[in-house]
Amino acid sequence: MSDNDMISINNEHSLNSRLNAYPENLNNFTKFFQKFKVQSKLIREFVAEFLGTTVLVFFCLSASAQSKFISKDDPKSSDHLTAPLAGGIGASLAVLLVGKISGAHLNPAVSFGWYLKSKLKFVQFLVYMVAQFFGAFVAAFLVFVLYYSALDNYENERSLDTAKIFTTFPTDNIGFLTTLFDQMLGTAYLVMVIFALNDKKIADICHSFVALFIGLTLFVLGSTMGYNCGAPVNPARDFSPRLFIFISGWKDVFTSDDLYFLVPIFGPMLGGFLSSIFYILFISNNLD
């Protein structure tokens, strides 16, 4: 590193220190919005989970939409890694964005796991879930607006083909119990990794690396366990967009495939429950 680089870094640190030490150095724009700082910790956590889940689900659905529309124009360009990669990166960005405020659960199954491990109060668990479902719903709306023209160009009447942009469906001839086990197992892996990354006895790493490894975990799950039903592993990510497209005119999104829509809700929650038991019994209890 050159002397000029060192001088630049020192000047930046000095400027940040002055701003923190002397609030009068803040410009009027910053001062104005600082007046609206929320004092309630629970409300701050709600907003953080809402924003984080919106970011995560927006990138997941946008990647699915882009892949769908590009594959129509050029079938050879279709691939199965774009959506898992975008979802993983989106998760990392969301955790970086709000992790210091709420812990960035972004997933009711994750919040349920933390609640069972006594790291979350019941009221917090409920608030987190509402924020996550709401955030995923807003993300679906944003993707719908973003690709509204593309949807109209792709088909004249809304179908289950484009519904797959927003939510998941089982692959042909894959049964209900198989998809349920798929979601239990995939979510259990995810939640246990999140437990381990936040356990100082196992992984004493900084927040940035926690975000990175959570994103990598989601990418691995999506690219290795996506065949059966798309690896939603998140009730909010699947149900809220499904509800949005139902309201927006898509048909049969709740009734097709023998009520499959229940699988991405209860499968991940069962996975969060089982992962909590497994982690406490076989990991936490055996750490010195």
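Turning to the overall build of the protein, a few remarks are in order. Per the secondary structure count, the protein includes twelve helices and zero strands. Secondary structure elements of the protein occur, N-terminal to C-terminal, as α-α-α-α-α-α-α-α-α-α-α-α. Against the globule reference of 19 Å for 288 residues, the protein gives a C-alpha radius of gyration of 21 Å, in line with a compact fold. By its C-alpha atoms, the protein is 65 × 50 × 40 Å across when sized along the principal axes. In the protein, which comprises 288 residues, the proportion classed as buried is 44%. Taking the intrachain contacts of the protein between residues at least 6 apart in sequence as the baseline, contacts between residues at least 24 apart amount to 78%. Carbon together with sulfur atoms contributes 63% to the accessible area of the protein, which is approximately 15,800 Å² in total. Side chains of the protein give 20 positive and 22 negative charges; the mean places of these two sets differ by 10 Å.

With that settled, consider the packing of helix H3 (residues 41-73) against helix H4 (residues 82-102). Each pair of packed helices can be summarised by the angle the axes make with each other and by the distance between the axes. At a minimum axis distance of 8 Å, the contact between H3 and H4 shows a crossing angle of 170 degrees. It follows that H3 is roughly antiparallel to H4 by the angle criterion. Crossing geometry of H3 relative to H4 is assigned as right-handed. In terms of residue class, the contact of H3 with H4 is made up of 15 nonpolar, seven polar and three charged.

Evaluation of the coordinates by the stated rule reveals five salt bridges. Lys41 is the partner of Glu45 in a salt bridge, and the nearest nitrogen-oxygen pair spans 2.3 Å. Pair noted here: Glu45 and Lys41 are both in helix H3, with a separation of four residues, about one helical turn. Looking at Glu45, the relative accessible area reads 3%, which means it is buried. With its nearest N and O atoms 3.9 Å apart, the salt bridge here joins Lys200 to Asp204. Each member of the pair, Lys200 together with Asp204, is exposed.

For Gln183, the location among the structural elements is in helix H9 (residues 176-197). With a relative accessible area of 0%, Gln183 lands in the buried category. Counting along the chain gives 88 residues from Gln183 to Gly271, while the straight-line C-alpha distance between them is 7.1 Å. Non-local contacts of Gln183, meaning those with residues more than four positions away in its chain, are made with Cys229, Ala231, Pro232, Val233, Val263, Gly267 and Pro268. Polar side-chain contacts of Gln183 include one of 2.8 Å to the backbone nitrogen of Val233.

Over its 13 residues, helix H11 (residues 235-247) extends 18 Å from the first C-alpha to the last, a length consistent with the 18 Å expected when each residue adds 1.5 Å. Those residues of H11 that sit buried are Pro235, Ala236, Arg237, Asp238, Ser240, Pro241, Arg242, Phe244 and Ile245. Residues of H11 that are buried in the fold lie against H3, helix H5 (108-116), helix H6 (122-146), helix H8 (160-166) and helix H12 (263-282). The distance from a side-chain oxygen at the start of H11 to the backbone nitrogen of Ala236 is 3.0 Å, and the residue carrying that oxygen is Asn234. Of the residues flanking the end of H11, it is Gly249, one or two places downstream, whose phi is positive at about 115 degrees.

This part covers the packing of aromatic side chains. Taken as a whole and judged by the stated rule, the model has 25 aromatic pairs. For the pair Phe141 and Phe244, a centre-to-centre distance of 6.2 Å together with 75 degrees between the ring planes defines the contact as edge-to-face. Residue Phe141 is located in helix H6, and its partner Phe244 is located in helix H11; the two are separated by 103 residues in the primary sequence. By relative accessible area, Phe244 is classed as buried at 7%. Connected via pairs of aromatic rings, a cluster forms that spans Phe137, Phe141, Phe144, Tyr148, Phe166, Phe244 and Trp250. In this arrangement the basic side chain of Arg242 is found over the ring face of Phe169, its NZ or CZ atom lying 5.1 Å from the centre.

Conventions and cut-offs
Just so you know, the residues in each chain are numbered from 1, in the order the chain's sequence is written. Local features in this predicted model are restricted to residues of pLDDT 70 or higher, and side-chain atom pairs are both shown and tallied only at a pLDDT of 80 or more, whereas totals for entire chains, interfaces and linings draw on every residue. The basis for every side-chain value is the complete set of non-hydrogen atoms in the structure, without hydrogens or water. What counts as a helix is a DSSP run of H or I of at least four residues, what counts as a strand is a run of E of at least two, and both are numbered from the N terminus. Radius of gyration here uses only the C-alpha atoms, and the compact-globule reference equals 2.2 Å multiplied by the residue count raised to the power 0.38. Here's how the labels work: a residue is buried when its accessible area is under 20% of the maximum for its type, exposed when over 50%, partly exposed in between, all with a 1.4 Å probe on protein chains only. The contact criterion used throughout is that any non-hydrogen atoms of two residues lie within 4.5 Å. Note that accessible areas follow from Shrake-Rupley with a 1.4 Å probe, and for residues the cover is restricted to the protein chains shown. This count recognises Lys and Arg as positive and Asp and Glu as negative, with His and chain-terminal groups excluded. All charge positions are set by atom: Lys at NZ, Arg at CZ, Asp at CG, Glu at CD. Under this scheme, a helix contributes an axis fitted over its contacting stretch, all axes are lines through C-alpha atoms, and angles between N-to-C directions fall in the 0 to 180 degree range. Geometric relationships in this document are graded by angle, where less than 35 degrees denotes roughly parallel, more than 145 denotes roughly antiparallel, 65 to 115 denotes roughly perpendicular, and other angles denote oblique. Should the near helix be turned anticlockwise from the far one by less than a right angle, the crossing is termed left-handed; should it be turned clockwise, right-handed. Lys, Arg, Asp and Glu make up the charged group, whereas Ala, Val, Leu, Ile, Met, Phe, Trp, Tyr, Cys and Pro make up the nonpolar group; the residues left over, Gly among them, are polar. When a carboxyl oxygen of Asp or Glu lies within 4 Å of a side-chain nitrogen of Lys or Arg, that pair is called a salt bridge. What qualifies as a polar contact is a pair of N or O atoms within 3.5 Å, subject to a donor-acceptor requirement within protein and to the restriction that residues adjacent in sequence count only when both atoms come from side chains. Multiply 1.5 Å by the residue count of a helix minus one, and that product is the helix's expected span. The rule is short: rings of Phe, Tyr and Trp, with Trp giving its six-membered ring, pair when the centres are within 6.5 Å, and they are stacked under 30 degrees, edge-to-face over 60, tilted in between. Criterion for a charge above a ring: Arg CZ or Lys NZ at most 6 Å from the ring centre, at most 35 degrees from the ring normal.

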